[in-house]
Amino acid sequence: MNRKTYRICLVALIIVAVLIGLSYYHYIQKNELNPKDGIFVQKIFAGSDLI
């Protein structure tokens, strides 16, 4: 095989790897992250609870 064929196979392999990685990331993000997990604090601090 010549260089052009190797380049095409390499580019196709990289594209497939990126697509698999992105789909895996979205699958994990959708199934494992709880929407309640976030940066907002639900507890209201009052009086001596303040630091």
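Per chain, the residues get numbers from 1 upward, laid out in the order the sequence is written. Note on the predicted model: pLDDT of at least 70 is required for a residue's local features to be given, and 80 or more for side-chain atom pairs to be given and counted; whole-chain, interface and lining totals, by contrast, use all residues. The side-chain quantities take in all heavy atoms of the structure and omit both hydrogens and water.

**Student:** Can you explain the overall build of the chain? Please cite residues and give values.
**Tutor:** Along the chain, the regular secondary structure elements total 1 helix and 0 strands. Here, Shrake-Rupley sampling with a 1.4 Å probe gives the accessible areas, and only protein chains in the shown set may cover a residue. Here the chain has roughly 5,500 Å² of accessible surface; of this, 66% comes from carbon and sulfur atoms. The secondary structure listing takes helices from DSSP runs of H or I that are at least 4 residues long and strands from runs of E that are at least 2 residues long, numbered from the N terminus.

**Student:** Lay out a nonpolar patch on the surface in plain terms, naming residues and giving numbers.
**Tutor:** Residues enter patches when they are more than 30% accessible in relative terms and free of salt bridges; like-charged ones are connected within 9 Å and nonpolar ones (Val, Leu, Ile, Met, Phe, Trp, Tyr) within 5 Å. The salt bridge definition used is simple: a Lys or Arg side-chain nitrogen within 4 Å of an Asp or Glu carboxyl oxygen. On the surface, Leu10, Val11, Leu13, Ile14, Ile15, Val18, Leu19 and Leu22 cluster together into a nonpolar patch covering about 760 Å² of accessible area. Position of Ile14 among the secondary structure elements: in helix 1 (residues 3-32). Residue exposure (1.4 Å probe, protein chains only): buried if accessible area is under 20% of the type maximum, exposed if over 50%, otherwise partly exposed. The class for Ile14 is partly exposed, based on a relative accessible area of 47%.

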